[in-house]
Amino acid sequence: MNLVLFGPPGAGKGTQAKILTEKRGLPQLSTGDMLRAAIAAKSELGLKVEAILARGDLVSDDIVIGIIGDRLKQADAANGAVFDGFPRTIPQAEALDRLLAANGKQIDAVIELKVDEAALLGRAEQRVQDARAQGKTPRPDDIPETVKNRLDVYRQNTAPLVEFYRLQGKLKSLDGMAPIGDVTAAIDAALG
Ligand code: ADP
């Protein structure tokens, strides 16, 4: 099964993706995690994208489509995957459809986590505090100004995907404000 977890920054995509991968034995394909790993490794890709992530802007479609295309060739993605933070633009969604179709596959469902904006800013602040409390470095893009930019970028570039997937009959919208366990239960119910 190929699933897309969809929603604004801080909606809980990563949290639910991890639960889904454990329950269903599917790999979590998070472009954000892959880009952060490249930055940590100081690879050529990492150096190229570091400032873009720090600003909260989008990395180019070519780059992320390339990363996902390579990742899909690995054996663990043969039976499906949970896409987290990808696609984020219409061209990325079209590319994902093409990549999957080339192997006779398709997106089975798109789970949209709906969350109100004030809560998203609060969640980012909480994430910074949690990281500090654990002695870890917070994500540089979780500072309030950058979160606001990420939300603008989401509204402008990513929100149109709701209509794209609705037209494909794949969209399942859930309340992302509910407690984590309730969101998980709602996802299970939506997937049948
Ligand atoms: P969040 O969903 O909380 O914003 P992510 O970890 O998914 O966090 O993404 C972090 C950053 O990585 C984004 O703000 C963007 O700069 C970059 N990024 C991740 N995925 C993509 C993508 N599919 N297309 C373009 N940029 C991306």
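What counts and what doesn't
- Residues numbered from 1 in each chain as written.
- Predicted model: local features only at pLDDT ≥ 70, side-chain atom pairs only at ≥ 80, totals over all residues.
- Heavy atoms only, no water.
- Core = buried A, V, L, I, M, F, W, Y, C linked by side-chain atoms within 4.5 Å.
- Buried < 20%, exposed > 50% of the residue type's maximum accessible area, 1.4 Å probe, protein only.
- Helix = DSSP H or I, 4+ residues; strand = E, 2+ residues; numbered from the N terminus.
- Contact = heavy atoms within 4.5 Å.
- Pairing = 2+ DSSP bridges.
- Salt bridge = Lys/Arg side-chain N within 4 Å of Asp/Glu carboxyl O.
- 1 Å grid on protein atoms, 1.4 Å probe; cavity = no way out; pocket = protein on both sides within 12 Å on 5 of 7 lines; lining within 4 Å.
- Points joined across faces, edges and corners; volume = space filled by probe spheres on them.
- Nonpolar A, V, L, I, M, F, W, Y, C, P; charged D, E, K, R; others polar.
- Axes fitted to C-alpha atoms, helices over the stretch in contact; angles between N-to-C directions.
- Parallel < 35°, antiparallel > 145°, perpendicular 65-115°, else oblique.
- Left-handed = near helix turned anticlockwise from the far one by under 90°.

Student: Sorry if this is basic, but what is going on with the nonpolar core here?
Tutor: A general tendency of soluble globular proteins is for nonpolar side chains to be buried together. Counting residues in each nonpolar core, the largest one holds 30 residues, and the members touching the most others are Val59, Ile68, Leu72, Phe83 and Leu96. For this core, the elements supplying multiple residues, two or more each, are strand 1 (2-6), helix 2 (31-40), helix 3 (44-55), helix 4 (61-72), strand 3 (81-84), helix 5 (90-101) and helix 8 (161-167). No other element matches helix 4, which puts five residues into this core. Every residue in contact with Leu96, bar those within four places of it in the chain, is listed here: Val4, Ile68, Leu72, Phe83, Phe86, Pro87 and Ile107. Leu5, Ile111, Val115 and Leu120 belong to the second largest nonpolar core, which has 20 residues in total.

Student: Got a minute to help me understand the pairing of strand 3 in this structure?
Tutor: For a regular strand, the rule is simple: side chains alternate between the two faces of the sheet. Of the two faces of strand 3, the one lined by Ala81 and Phe83 and the one lined by Val82 and Asp84 are each fully buried. Looking at chain direction, strand 1 and strand 3 are connected through four bridges and run parallel. When the bridges of strand 3 are listed, Leu5 appears paired with Asp84. Where strand 2 (residues 28-30) and strand 3 come together, three bridges link them in parallel fashion. Bridge pairing in strand 3 places Gln28 opposite Val82.

Student: Just checking my understanding: could you explain the environment of Leu120 for this structure?
Tutor: For Leu120, the location among the structural elements is in helix 6 (residues 117-133). Along the chain, Leu120 and Met177 lie 57 residues apart, while their C-alpha atoms are 9.7 Å from each other. If near-sequence neighbours (up to four positions away) are discounted, Leu120 is found in contact with Pro8, Pro9, Gly10, Ala11, Val115 and Leu151.

Student: In this structure, what is going on with the pattern of salt bridges? I would like to understand it.
Tutor: Side chains that carry opposite charge are capable of pairing whenever their charged atoms lie near each other. Summed over the entire model, instances satisfying the criterion amount to 14 salt bridges. One salt bridge connects Asp188 with Arg24, and the closest N-O pair in it is separated by 3.4 Å. You can see Asp188 sitting in helix 9 (residues 180-191) and its partner Arg24 sitting in helix 1 (residues 13-24), a full 164 residues away along the chain. Where Asp33 meets Arg36, a salt bridge forms, and the shortest distance between an N and an O atom there is 2.9 Å. Separated by three residues within a single helix, Asp33 and Arg36 lie in helix 2, roughly one turn from each other. On the accessibility criterion, Asp33 (36% relative accessible area) is partly exposed. Because the salt bridges share partners, they merge into one network encompassing Arg127, Arg139, Asp141, Asp142 and Arg150.

Student: Could you clarify how one ought to interpret empty space enclosed by the protein in this entry?
Tutor: Any empty space left between the atoms is revealed when a probe the size of a water molecule rolls over them. Under the defined criterion, the tally for this structure stands at three cavities of 30 Å³ or more. As for the largest cavity, its lining consists of Leu5, Phe6, Gly7, Pro8, Pro9, Lys13, Gly85, Phe86, Pro87, Arg88, Tyr154 and Thr158. Listed by contribution, the elements that provide at least two residues to the lining of the largest cavity are strand 1 and helix 7 (144-158). Within the lining of the largest cavity, the residues separate by chemical class into seven nonpolar, three polar and two charged. Pro9, Gly10, Leu120, Arg123, Ala124, Arg127, Asp142, Val147 and Arg150 are the residues that line the second largest cavity. Elements that contribute at least two residues to the lining of the second largest cavity include exactly helix 6 and helix 7.

Student: Sorry if this is basic, but what is going on with the packing of helix 4 against helix 5 here?
Tutor: The geometry of helix 4 relative to helix 5 is characterised by a closest axis approach of 10 Å and an angle of 25 degrees between their N-to-C directions. By the angle between their directions, the pair helix 4 and helix 5 is classed as roughly parallel. Helix-helix and strand crossings are classified by hand; for helix 4 and helix 5 the assignment is right-handed. Across the interface between the two elements, Asp61, Val64, Ile65, Ile68, Gly69 and Leu72 of helix 4 pack against Pro91, Gln92, Ala95, Leu96, Leu99 and Leu100 of helix 5.

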